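Inside the fold
Listed here are the chains, written in short residue letters.
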Amino acid sequence: MRPAPTSSTTDTPPPLDRRSLRPDCTNCFALCCTALGFSRSADFAVDKPAGTPCRNLASDFSCTIHEALRPRGFRGCTVFDCFGAGQRVSRGLFGGISWAADPESGMDMFAAFKTARQLHEMLWYLEEAQGRTFDPEARHRAGRLGATIEAAMGGGVQQLLGLDVEEVHASVRAVLIEISEEVRMSYSAAGREHLDAALVPGADLIGGNLRSRRLCGADLRGAYLIGADLRFSDLSGVDLLGADLRDARLDGADLSRALYLTQSQLDAAGGSRATRLPADLKMPAHWGDS
Ligand code: SF4
């Protein structure tokens, strides 16, 4: 595996920008519906091997059951987020020539999509970290890592496929944790008495009752919050990196200043118009008004 290319350590990296990290399905060759595999489960009605088109995929790369994904048993499709990797691989790396038009490119395109998605997800978090820290050195490190990832994305297909993603991920993870600690401490400067011992990274909080709790500054990175009741709780400064929020109840919760939250996590949860969200995330279509 080729190590990640590095950018200069002296240049001031530009602020990262999330605009290119939003999916644009109209400019993608349905890479999530082909490159990825899924197993029959509560989220997918059928088995589908990786590298093959879904049986619901039309020849124009649209989904024939798009308006009925949940009732037809494809809830998993409604919560997937490629972080803009789909259009970048389709139009950028492969110049707008699809796997259908050039079948020999398919395997490389699918592999590039999987790597690009991981890198774009890292960029999503780094952008937030860069904006939330008050430490100029930490901000610089986040920006430099973002620039390194952008350089890897811009180096062509073979460079991307040879990238040591684990090495990049380890560096990104360290910066994200460092900035998380800074942000969380600022929310619990008056003490952490409101945080009990169960609120730790990776905690099993499945079905837990966290209703109307002040959770500010908790580290719930990777926590299992499946079906947890978080209604009317304050999650300001809560690290939710990779937390599993499937079917969590978020009605009335304040997530406006939560850390490392993604659209995919919201889409998997339940909530309402009374849920307060970060400015750059939107209320999922299936949430009610109550
Ligand atoms: S059901 Fe539709 S959105 Fe889901 S993988 Fe198949 S074609 Fe894509």
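Above this text you will find the structure in question.
Cut-off values and rules
Counting restarts for each chain, with residues numbered from 1 along the sequence as it is written. Per-residue local features of the predicted model are confined to residues with pLDDT of at least 70, and side-chain atom pairs are confined, for both listing and counting, to 80 or more; whole-chain, interface and lining totals are unaffected and use all residues. With hydrogens and water excluded, all non-hydrogen atoms of the structure serve as input to the side-chain values. When accessible area is computed with a 1.4 Å probe and restricted to protein chains, residues below 20% of their type maximum are described as buried, those above 50% as exposed, and intermediate ones as partly exposed. Here a strand is any run of E in DSSP of at least two residues, a helix any run of H or I of at least four, and the numbering for each starts at the N terminus. To get an axis, a line is fitted to the C-alpha atoms, and for a helix only the part in contact is used. The angle between two axes follows their N-to-C directions and goes from 0 to 180 degrees. The labels follow the angle: roughly parallel below 35 degrees, roughly antiparallel above 145, roughly perpendicular from 65 to 115, and oblique for the rest. Left-handed describes a crossing whose near helix is turned anticlockwise from the far helix through less than a right angle; right-handed describes the clockwise counterpart. Contacts are assigned to residue pairs with any non-hydrogen atoms lying within 4.5 Å of each other. The disulfide definition used here is simple: a pair of cysteine sulfur atoms within 2.5 Å.

Here's the deal with helix α2 (residues 85-93)
Along α2, the residues that are buried comprise A85, G86, Q87, V89, S90 and L93. In the stretch just after α2, G95 is the one whose phi turns positive, near 60 degrees.

Side note on the environment of A58
Here A58 shows up in the segment before α1 (75-78). The spatial distance from the C-alpha of A58 to the C-alpha of Q265 is 27 Å, given a sequence separation of 207 residues.

Describing the packing of helix α3 (residues 106-132) against helix α6 (residues 165-187)
Interhelical geometry of α3 versus α6 gives an angle of 30 degrees and a closest axis separation of 10 Å. Viewed along their axes, α3 and α6 adopt a mutual orientation that is roughly parallel. In the crossing of α3 with α6, the sense of the turn from one axis to the other is left-handed. On α6, the residues touching T115, Q118, L119, M122, Y125, L126, A129 and R132 of α3 are V165, V168, H169, V172, V175, L176, I179, E182, V183 and Y187.

A few points about the state of the cysteines
Applying the stated criterion across every chain yields a total of zero disulfides. Free of any disulfide, C32 has its nearest neighbouring cysteine sulfur in C33, separated by 3.8 Å. As a non-bridged cysteine, C82 has C28 as the owner of its nearest cysteine sulfur, 6.1 Å distant. Of the residues examined, C82 reaches a relative accessible area of 10% and is grouped as buried.

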